[in-house]
Structures are given as C-alpha cells and as structure tokens.
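# Notes for the structure review
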Amino acid sequence: MAKASSGNLAGQSTAAVRTPGYAEIESLKLSALFNLHLSLFSGVFRPIAALDQTHAEFADADQLRYALPGLPPMVMLKTARAVKAVFTAPAYSFGTASEVGASLLGTETFFAIDGPKHHQHRRLILPHFHGKHLHDYGAVIAAITREAMAEWTPGRPFPIHAGCQEITLRSMLRILLGYSAQDRFAQLESSFRAILNTPLLAACIFFKPLQVDAGPWSPWGKLLRLKHQVSQLLLAEIEDRRQRDQSQGDVLGLLLAATDEQGQRLTAEELRDELMALMFAANEATAAALAWSLYWVHRDAGIRDRLLGELAALGGSEDPMEIAKLPYLSAVCNETLRISPVTLFAIPRATRETFPLAGYDIEPGVLLAPCIYLVHRDPAVYSDPQVYRPERFLDRQYSAYEFLPFGGTNRRCVGAALALFEMKVVLATVLRDLEISLMGGERTQPQRHGMTFIPSGGLPVIARMRTSG
Ligand code: HEM
C-alpha cells in the first residue's frame, strides 16, 4: 500500500509539518536524513546522493512529503503509480509551480505561463519540432556535428561535453533563426555559451537572495549583462526579420507569422522570451544527454561494437530518418535517459484544490514533484536498475508513467522528438567518424552543470579519426 511520510528539513518538531491524512511514517528518520543531505543547498549541489539514500530508506513509499524552509510543502512522487495519478488528472488541474527561471528568461516563457495561454503556445511551437521538419534538421545537425568534430584535436584529451554543447548550440540557433542571422551567430553562440557555463548558474536561479547585481564580476551581475547582450541581439534579429521576408522555414519565421485568437501577433518581447527559453531548455539538456550517451557507449566495448554493427548495416546511408529508426540506437538513447536523466525532476505541479493521491488528500498549494530519477530506478519496473542494459528497451515497452525523461501530459517537453532525433544523428555521426577513449576509464560521477547533470569534468576523452569502417 502507498505510504506518505512527512519530514522537516529544518529539524523542527515533526508536529509542525503534520498534515491531516498523512501517515507520519519514519518522520524522524526522514527529518534526520533531509537535515543531513537535502537541505536547500545540498538539494541543489548534491541531490543524487540524497535521492539514493531516500530510495534505500523508503523503498516501499510511493510519495514522500517534506517541507523546505521558505517554500511551499512538496510531495515527491517516486513510483509510476503516484506519477500516473497526477499525469491522468485533467489538463490544467494544477498550476505552474515556479517562477524558477522567470527572473533570467522572462515572464512570458513556457515555464512561467499557464492555462489557455500556455496551451496556445504549445500548439504553436510543437509542430515545428516534429514530423517532416525533423527530416530537414537532420542534414543540418550532421553537418554541424562534422564541423565541430573538425575542431577537436586528434589524440589530445578534451572534455567532450563542451563539444556536445557546441553542436547543440549551433544546431538550435540554426533551427530557430535559420540562415538569415548568420552575422549574429558567433555573438549569440558565445554569449549563450557564457550563460550556460556561468559558475553558480543553478544556485543563482534557485536562490533568490543570490539574485543581486553587484557588478559584472558577481555571478548574477554577469548573468544579467549576458542576458542583456542576447536580448539585444535577438530583438535586432526580430526587427530585421519583420522588415524582410519572414517565412524562411525556421521557428522565428513561424512565430512571426502566428496570431492569437484575437488575431494579435506576438510582441517583440514575447518572441524574444520564447526564443530565449527554447535555447536554454534545448541546449543544456541535449548536450548533457549526448555526453552521457558517449560515456555509456564507450564504457562497454560490446555495446559500442553492436551499435557500430547496426550503423554499418545501413551501408553508408546518411539518411537521418533511417538512422532515427535504428532499434538498437534508439534503445541506447532510451537507456541513457533512463539511467542518467539529465533533469532529476519534472516541473512541479501546484495543487489548486484538494487532490486525492494514493489514499491521501493533498491540500491546495502543495507542489507535486515527479521524481524522474527515482521512478527510473524502481526495481519493481526495471530489473537491476543500476545496470546499463539497452536491451531492456528492445524486450518491452514502458508506459508514460514508468519512463518519463521528458516529463508528461500538458507540460511534456515540447522538444522531446527533436532531442531524441538529435541524439541519434549526432551519436551516429560521431561513432562512424571517431574512435573515442574515456580518460577516466569506466568511472564517472554526475556533476551539476547549470540546471542539468553531466559526467564529471565534462567527460575527458581522446578522439582519433576512425581508420577503418
Ligand atoms: C534530451 C534532451 C531533453 C530532455 C531530457 C528534456 C527534458 C524536459 C523535461 C523533464 C521537461 C519538464 C516536463 C514536465 O514537467 O512534464 C521539459 C520541458 C520543456 N522542454 Fe525539454 N528536454 C530536452 C530537450 C529539449 C529541447 C531540444 C527543447 C526545445 C526544442 C526543449 C524544450 C522544452 C520546453 C519549452 C519545455 C517546457 C514545456 C512546457 O512547460 O509546456 N527541451 N524538458
């Protein structure tokens, strides 16, 4: 039976957070555990150790309730059963949980808006990241990957996550802005890369008190200045495109032509916020997922060779749609996203009214946080969950509540199809052209990088041109 536990991160009396309808199972232990590991600070920098320990200690709980000082109470959903209850509730039963990111990305982005406006934005954007559009992007992504690989010095160690970031940044700029922004590309790329690599980025986004502009050398001051640069470049590009031909088959062209139900076009500021959010969401996550895929594939020669065999069977075809259909390559990408989810949680959902969850009544104002990391490690669903085994995705299909690297329902990642497609095209291109050796051997640790987790040190590798097929 599902159980809920209440805990108190501040180490106060557990009675202070007792909620009618919740069992206080092991609340003292939970309190101690959280005091140790999941204070707000270590929740940002070392959450994986805390989640592993939580899982070991509360293996049979579907949901865990806790309270962080200064934040609304939160229920962590850690099994497919709990996630299903939330994902099958009617769309927009829940509010957006956070203004997290709004201070940096703007208040009109996907993450900050809700209800009909959010629905309308999704309907506008989604088609551009699916179907026939993917075919067009495939050749662009493969060409950009080769361009980036040509800059990697053969035989010299380098962190391949930085290379993956280069590929995802350039690809996304091309997909969003097309070819017309050519002369602004280099500036946009370098300002965006500086934002994504700002030390303490996550801490600045999560901790409001750090959002103080104490000059260009302070983390927040630096971020604001970089954001201003990107904003100016994007506004200039939007203005130019308004004057010229708008529909060039890229996302900006589509957004420029779009109107809402009242026939109104998006303002320049709304367009800029949309592009900023897409750039931010797309690059961080996809670059991290690529770095993890390269790690897992090169950690085991058997997996790498099976993948190379599957690619060789294509007989040299570079058709991205054929590559995207390869079953073992697809299984490798899925297993990577299962075992190393780049975001540990989906976007928390805020209850608007009392919500029944696995036998408990959750009161309004509570955040329901689907924990992707723990659901993907549930041994009731995945045998030997700590083992990387792509075959599990060939042997069976997992439901949307068991396998959720892209979250779900009305907030599911709008770039999910593009991200998977991009992972496959980049992996196929890199594997076909390069022999890669991991510098750290088989071992790596997840390390925070902005809003995501990447292999430690950015995954140092040595790459050499492949001499035979
Ligand atoms: C491997 C790469 C990626 C992963 C693992 C990933 C994961 C996620 C997750 C977990 C969410 C939250 C969903 C929820 O709470 O239900 C999300 C939301 C989002 N993602 Fe991604 N993402 C990836 C790539 C991308 C790309 C390439 C784009 C853009 C083209 C993108 C754009 C977005 C947007 C706009 C949202 C907010 C959706 C909304 O609020 O309606 N993501 N993503």
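Report on the accompanying structure. Everything numeric here is computed off the predicted structure, so don't read it as measured data.

## A closer look at the overall build of the protein chain
- For the protein chain, the count of helices and strands is 19 helices and 13 strands.
- Residues classed as buried in the protein chain amount to 42% of the 469 residues present.
- Residue pairs at least 24 apart in sequence account for 71% of intrachain contacts in the protein chain once pairs closer than 6 positions are excluded.

## Considerations on the sheet that holds strand 13 (residues 460-465)
- On the basis of which strands lie adjacent, the open sheet formed by three strands has the order 5-13-10 and antiparallel pairing. Looking at strand neighbours, the two that pair on one side only are strand 5 (158-159) and strand 10 (434-438), the edges of this open sheet.

## Some points on the site of the ligand
- Surveying the vicinity of the ligand reveals 26 residues, the closest of which are Ala285, Ala346, Gly407, Cys413 and Gly415.
- The element best represented in the shell around the ligand is helix 13 (residues 268-299), accounting for seven residues.
- Looking at the shell around the ligand residue by residue, the classes come out as 18 nonpolar, five polar and three charged.

## Things to note about the nonpolar core
- Judged by nonpolar contacts, the single largest core of 119 residues is most densely connected at Leu176 and Ala291.
- A per-element tally of this core places helix 13 first, with 19 residues.
- In this view, alanine 291 contacts Ile160, His161, Cys164, Ile454, Pro455 and Leu459; residues no more than four positions away in its chain are not counted.

## A word on the environment of glycine 131
- Topologically, glycine 131 is positioned in helix 7 (residues 131-150).
- The exposed category is assigned to glycine 131, around which 9 C-beta atoms lie within 10 Å.
- A C-alpha to C-alpha distance of 10.0 Å links glycine 131 and methionine 321, two positions 190 residues apart in sequence.

## A short note on the pairing of strand 13
- Two strands pair when backbone bridges link them, and strand 5 and strand 13 are joined in this way by two bridges, in the antiparallel orientation. Within strand 13, the position partnered with proline 159 by the bridge is proline 460.

## Focus: the packing of helix 13 against helix 16 (residues 327-339)
- Look at helix 13 against helix 16: their axes get within 9 Å of each other, and the N-to-C directions meet at 110°. Looking at the two axes, helix 13 sits roughly perpendicular to helix 16. Here Ala289, Trp292, Ser293, Trp296 and Val297 of helix 13 come into contact with helix 16, specifically with Val332, Cys333, Thr336 and Leu337.
- Among the residues forming the contact of helix 13 with helix 16, the class breakdown is seven nonpolar, two polar and no charged.

## A few points about helix 7
- Over its 20 residues, helix 7 extends 30 Å from the first C-alpha to the last, a length consistent with the 28 Å expected when each residue adds 1.5 Å.
- Approximately 30° is the largest bend angle found in helix 7, and it occurs at tyrosine 137.
- Turning to helix 7, its buried residues number three or more, namely Leu134, Tyr137, Gly138, Ile141, Ile144, Thr145 and Ala148.
- Looking at the buried residues of helix 7, the elements they touch are helix 8 (160-177), helix 15 (320-325) and helix 19 (416-433).

## Topic: unusual backbone geometry
- Residues other than glycine seldom take positive phi values, yet aspartate 384 does so here, at roughly 40°.
- Inspection of the secondary structure assignment puts aspartate 384 in the loop between helix 17 (372-375) and helix 18 (392-395).
- Phi angles above zero are rare outside glycine, and threonine 409 is one such case at about 50°.
- Looking at the element boundaries, threonine 409 is found in the loop between helix 18 and helix 19.
- Under the C-beta neighbour-count criterion, threonine 409 is labelled partly exposed, with 17 such atoms within 10 Å.

## With respect to the environment of histidine 228
- Tracing the sequence through the fold places histidine 228 in helix 11 (residues 219-243).
- Considering only alpha carbons, one finds histidine 228 and serine 191, 37 residues apart in sequence, at a separation of 9.6 Å.

## Some thoughts on the pairing of strand 11 (residues 446-449)
- Sheet topology note: the strand 11/strand 12 (residues 452-455) ladder contains four bridges and is antiparallel. Each bridged residue has a counterpart across the sheet, and for arginine 448 the counterpart in strand 12 is phenylalanine 453.
- Hairpin geometry of strand 11 and strand 12 is characterised by an intervening segment of two residues between the two adjacent antiparallel strands and by a positive phi of about 60° at glycine 450.

Scoring rules and cut-offs
Residues numbered from 1 in each chain as written. Predicted model: local features only at pLDDT ≥ 70, side-chain atom pairs only at ≥ 80, totals over all residues. Helix = DSSP H or I, 4+ residues; strand = E, 2+ residues; numbered from the N terminus. Buried ≥ 20, exposed ≤ 12 C-beta atoms within 10 Å, placed from the backbone. Contact = placed C-beta atoms within 7 Å. Pairing = 2+ DSSP bridges. Near = placed C-beta within 6 Å. Nonpolar A, V, L, I, M, F, W, Y, C, P; charged D, E, K, R; others polar. Core = buried A, V, L, I, M, F, W, Y, C linked by C-beta atoms within 7 Å. Axes fitted to C-alpha atoms, helices over the stretch in contact; angles between N-to-C directions. Parallel < 35°, antiparallel > 145°, perpendicular 65-115°, else oblique. Expected span 1.5 Å × (residues − 1). Bend = angle between axes of the 7 residues up to and from the residue.

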